[in-house]
Amino acid sequence: MTTERTHDDAPQHVPKVGDRLRKIAWGALALFLAAFAVFESAKYGLPTTAATLAFFALPDLARLAGVRPPGPLHQVVHRVWIPLVLLVGYSLGPIVWPPLFTAGLGWLTRIAVDRAFGRGLARSEE
């Protein structure tokens, strides 16, 4: 992230090409995951839809519970690797319960949407 000083000496964010490409990639991933979640929800019914929507709203539910950035719980619900491990573990493991898989899809979709709009992990103030 590059900042420039303006005449009033306030830092301004200057977007780089890499930032824009990263946001486009996150947006494409979010669209793919959302389509996959809709497909799985239509295939398996209401429990999978409820799990997808509940875990898509997980970051907001954590915020409503009083978890504020950059606290540890806020950081946990915004980590990509947690729902990714859930999805891979479900795919390779012996458990067959589709709401668990779609919960991971909903959670990862939400993280991808947040990152596509530039709302990634909160940085602690130094």
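Note that this is a predicted model, so its numbers are computed, not measured. Throughout this description, residue numbers start from 1 for each chain and increase along the sequence as written. A pLDDT threshold of at least 70 governs which residues receive local features in this predicted model, and a stricter bar of 80 or more applies before side-chain atom pairs are shown or counted, although totals over entire chains, interfaces and linings include all residues. The side-chain values count all of the structure's non-hydrogen atoms but skip hydrogen atoms and water molecules.

## Overview of the overall build of the protein
Turning to step 1, where the next piece is worked out: Helical segments are the DSSP runs of H or I of at least four residues, strand segments are the runs of E of at least two, and each set is numbered from the N terminus. Secondary structure assignment for the protein yields six helices and two strands.
Turning to step 2, where the next piece is worked out: In the protein, which comprises 126 residues, the proportion classed as buried is 31%.
Turning to step 3, where the next piece is worked out: In what follows, residue pairs with any heavy atoms lying within 4.5 Å of each other are defined as contacts. Within the protein, residue pairs in contact and separated by at least 24 positions form 61% of the contacts whose partners lie at least 6 positions apart.
Turning to step 4, where the next piece is worked out: Summed over its atoms, the accessible surface of the protein is roughly 8400 Å², and 68% of this surface lies on carbon and sulfur atoms. A simple rule labels every residue: compare its accessible area, found with a 1.4 Å probe on the protein chains alone, to the largest value its type can have, and call it buried under 20%, exposed over 50%, or partly exposed in between. Computed with a 1.4 Å probe, the accessible areas rest on the Shrake-Rupley method; for each residue, only the protein chains presented here act as cover.

## Concerning the environment of alanine 37
Turning to step 1, where the next piece is worked out: Following the sequence through the fold, alanine 37 ends up in helix H1 (residues 17-44).
Turning to step 2, where the next piece is worked out: Alanine 37 gets classed as buried once you look at its relative accessible area, which sits at 4%.
Turning to step 3, where the next piece is worked out: Measuring from C-alpha to C-alpha, the distance between alanine 37 and glycine 106 comes to 6.7 Å, with 69 residues separating the pair along the chain.
Turning to step 4, where the next piece is worked out: Discounting chain neighbours no more than four positions away, the residues touching alanine 37 are Thr52 and Leu105.

## A few points about the confidence of the model for the protein
Turning to step 1, where the next piece is worked out: Per-residue confidence from the predictor is reported as pLDDT, a score between 0 and 100. Counting all residues, the mean pLDDT for the protein is 85, and 81% of those residues have values of 70 or more.
Turning to step 2, where the next piece is worked out: Put simply, strand S1 (residues 2-5) is where the protein has its lowest mean pLDDT, 55, and helix H2 (residues 46-56) is where it has its highest, 96.

## Digging into the pattern of salt bridges
Turning to step 1, where the next piece is worked out: For salt bridges, the criterion is a side-chain nitrogen of Lys or Arg within 4 Å of an Asp or Glu carboxyl oxygen. Counted according to the given criterion, the structure contains four salt bridges.
Turning to step 2, where the next piece is worked out: Across the pair arginine 110 and aspartate 60 runs a salt bridge, and its minimum N-O distance is 3.0 Å. Note that arginine 110 is positioned in helix H6 (residues 98-116) and aspartate 60 in helix H3 (residues 58-64), a separation of 50 residues in sequence.
Turning to step 3, where the next piece is worked out: Its salt-bridge partner being aspartate 114, residue arginine 110 comes within 3.2 Å of it at the nearest N-O pair. Taken together, the positions of arginine 110 and aspartate 114, both in helix H6 and four residues apart, correspond to about one turn of that helix. Each member of the pair, arginine 110 together with aspartate 114, is buried.

## Quick word on helix H5 (residues 81-92)
Turning to step 1, where the next piece is worked out: What a helix should span is 1.5 Å times the count of its residues minus one. Taking 1.5 Å as the rise per residue, H5 with twelve residues should run 16 Å; its terminal C-alpha atoms sit 16 Å apart, in good agreement.
Turning to step 2, where the next piece is worked out: For H5, the full list of buried residues reads Pro83, Leu87 and Tyr90. Seen along its axis, H5 keeps its buried residues to an arc of 70°; they face one direction. Exposed and facing more than 90 degrees away from the buried side of H5 are Trp81, Val85 and Leu92.
Turning to step 3, where the next piece is worked out: Those residues of H5 hidden inside the fold are in contact with H6. When we speak of the arc, we mean the arc of directions from the helix axis to the C-beta atoms.

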